[in-house]
Amino acid sequence: FANTYTGATSITAGTVAVDVGWRRIDDGLRVAVWRDDAGNGGELRLSAHDLGGFRKVHDLRSIRDDHWNVARSDLVRAREEQADGRAAAWSDWMRERTRTLVQWRSPDRLAALVRYWRTARFAGDDALFDRFEGWRKKDRHLHEWEAHQMLRSCAHRCELYRVLAARLAAYRRIAVEDLDLRDFAEKPEPGEPPDDPRTEGARTWRQVACLSQLLGALTDAAARSGSTLVRVDPAYTTQTCPECRRPEPFDAACAVDHACAQCGATWDQDVAAARNILRAALSCTTPPGRSQPQPPATTGETPAQKRRAAALATRRTGRSRKAAQVPVVP
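Here goes a summary of the coordinates provided. (Residues numbered from 1 in each chain as written. Predicted model: local features only at pLDDT ≥ 70, side-chain atom pairs only at ≥ 80, totals over all residues. Heavy atoms only, no water.)

**Side note on the nonpolar core**
And step 1. Within the largest apolar cluster, 30 residues are counted, with the highest numbers of intra-cluster contacts made by Val18, Leu29, Leu46, Tyr161 and Leu168.
And step 2. Looking at this core, the elements that each hand over two or more residues are strand E2 (15–25), strand E3 (28–36), strand E4 (41–46), helix H1 (48–83), helix H4 (126–168), strand E5 (173–177), helix H6 (200–209) and helix H7 (211–225).
And step 3. Tallying contributions element by element places H7 first for this core, with seven residues.
And step 4. Once residues lying within four places of it in the same chain are set aside, the contact partners of leucine 168 are Val16, Val18, Trp34, Ile174 and Leu218.
And step 5. Membership of the second largest hydrophobic core comes to 20 residues, among which are Val76, Trp93, Trp117 and Phe132. (Core = buried A, V, L, I, M, F, W, Y, C linked by side-chain atoms within 4.5 Å. Buried < 20%, exposed > 50% of the residue type's maximum accessible area, 1.4 Å probe, protein only. Helix = DSSP H or I, 4+ residues; strand = E, 2+ residues; numbered from the N terminus. Contact = heavy atoms within 4.5 Å.)

Set out below in structure tokens:
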């Protein structure tokens, strides 16, 4: 992994801060930047080769989709021809099973039809059956290739994250942002700028980076080594100058580097975030621009249970309002 990891490799008993996120850098994808209290640091990028593995998965899926669309259109056309008497009549089971063919959205459904077709042949179906049996075999080959390629790419990414987490677990404390990754998965609201990190284009990189896997690797490594995992408030970590410590709102999507309007210092956004996370962890305070978050209530409920309870209460309130609006017939 020498060409993937950059930065110091020395072991220390101090504190390290890790800024987790995805950013296209040159031909790779930066997923983590770290800085420690001794001034050392580094970053982890998924290389162009790593990204090519996930791109191959996407290409195979696109090929499968194209073949599936063509096959479904051909079968729809064949069904219309036999209905008009321009082709050999189909058996009753074939007509019944393809009644909703135009609504099918999955190639698995057509593959299941072809497998059944092998045991229920009818007169005059030789050419048509051979056509779709060939499609089924080709689709199975592409599907297995796609699944194998995805497995290899994910396994390699997992190993990169595991090795990084093992290296950082040498520190006594590991500081990360207290992120809710569901925020990254939300779809943009109408009117949001196209360069918003939650747009459709960025969603592909979010899936490739798989931040939950990286954070999970850090958590597991810290637990095994006995390190303390510190979670700090993520507010303004990127948009706070690490030199003068003043909030510096700006469009983070325009460029990686930014010059502070207050002190004139120029810094990399991700490096600045790691430095601000480190400062927050060392001082036990949040980065500038945000008050200290309140500790969670000790109710014994997990955050997921609390979210489900809140959603259930909202649905009950909505049903109550609808019931109140129903007119009473005397």
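Now that the structure is up, let's keep going.
**Considerations on the pattern of salt bridges**
And step 1. Here the structure, examined in full by the defined rule, presents 20 salt bridges.
And step 2. Across the pair arginine 30 and aspartate 270 runs a salt bridge, and its minimum N-O distance is 2.6 Å. Placement of arginine 30 in strand E3 and of aspartate 270 in helix H8 (residues 269–283) is noted, with a sequence separation of 240 residues between them.
And step 3. One salt bridge in this structure joins glutamate 243 and arginine 275, with 3.0 Å as the shortest N-O distance. Linking glutamate 243 in the loop between strand E6 (228–232) and strand E7 (257–259) with arginine 275 in helix H8, this pair joins segments that are 32 residues apart in sequence.
And step 4. Since its relative accessible area comes to 28%, arginine 275 is described here as partly exposed.
And step 5. The structure contains a network of salt bridges with shared partners spanning Arg23, Asp26, Arg30, Glu43, Arg45, Asp268 and Asp270. (Salt bridge = Lys/Arg side-chain N within 4 Å of Asp/Glu carboxyl O.)

**What about the packing of aromatic side chains?**
And step 1. Per the stated rule, a full pass over the model turns up five aromatic pairs.
And step 2. Residues tryptophan 93 and phenylalanine 122 carry aromatic rings whose centres are separated by 6.5 Å and whose planes lie at 70° to one another, so their mutual orientation is edge-to-face. Taken together, the residues tryptophan 93 in helix H2 (residues 92–97) and phenylalanine 122 in the loop between helix H3 (107–117) and H4 connect sequence positions 29 residues apart.
And step 3. Ring centres of tryptophan 117 and phenylalanine 129 lie 5.4 Å apart, and the angle between their planes is 75°; on these two criteria the pair is classed as edge-to-face. With tryptophan 117 in helix H3 and phenylalanine 129 in helix H4, the pair connects residues that are 12 residues apart, well separated along the chain. Pair check on accessibility: tryptophan 117 and phenylalanine 129 agree, each one buried.
And step 4. Taken together, the ring pairs connect Trp93, Tyr116, Trp117, Phe122, Phe129 and Phe132 into an aromatic cluster. (Phe/Tyr/Trp six-rings, centres within 6.5 Å; stacked < 30°, edge-to-face > 60°.)

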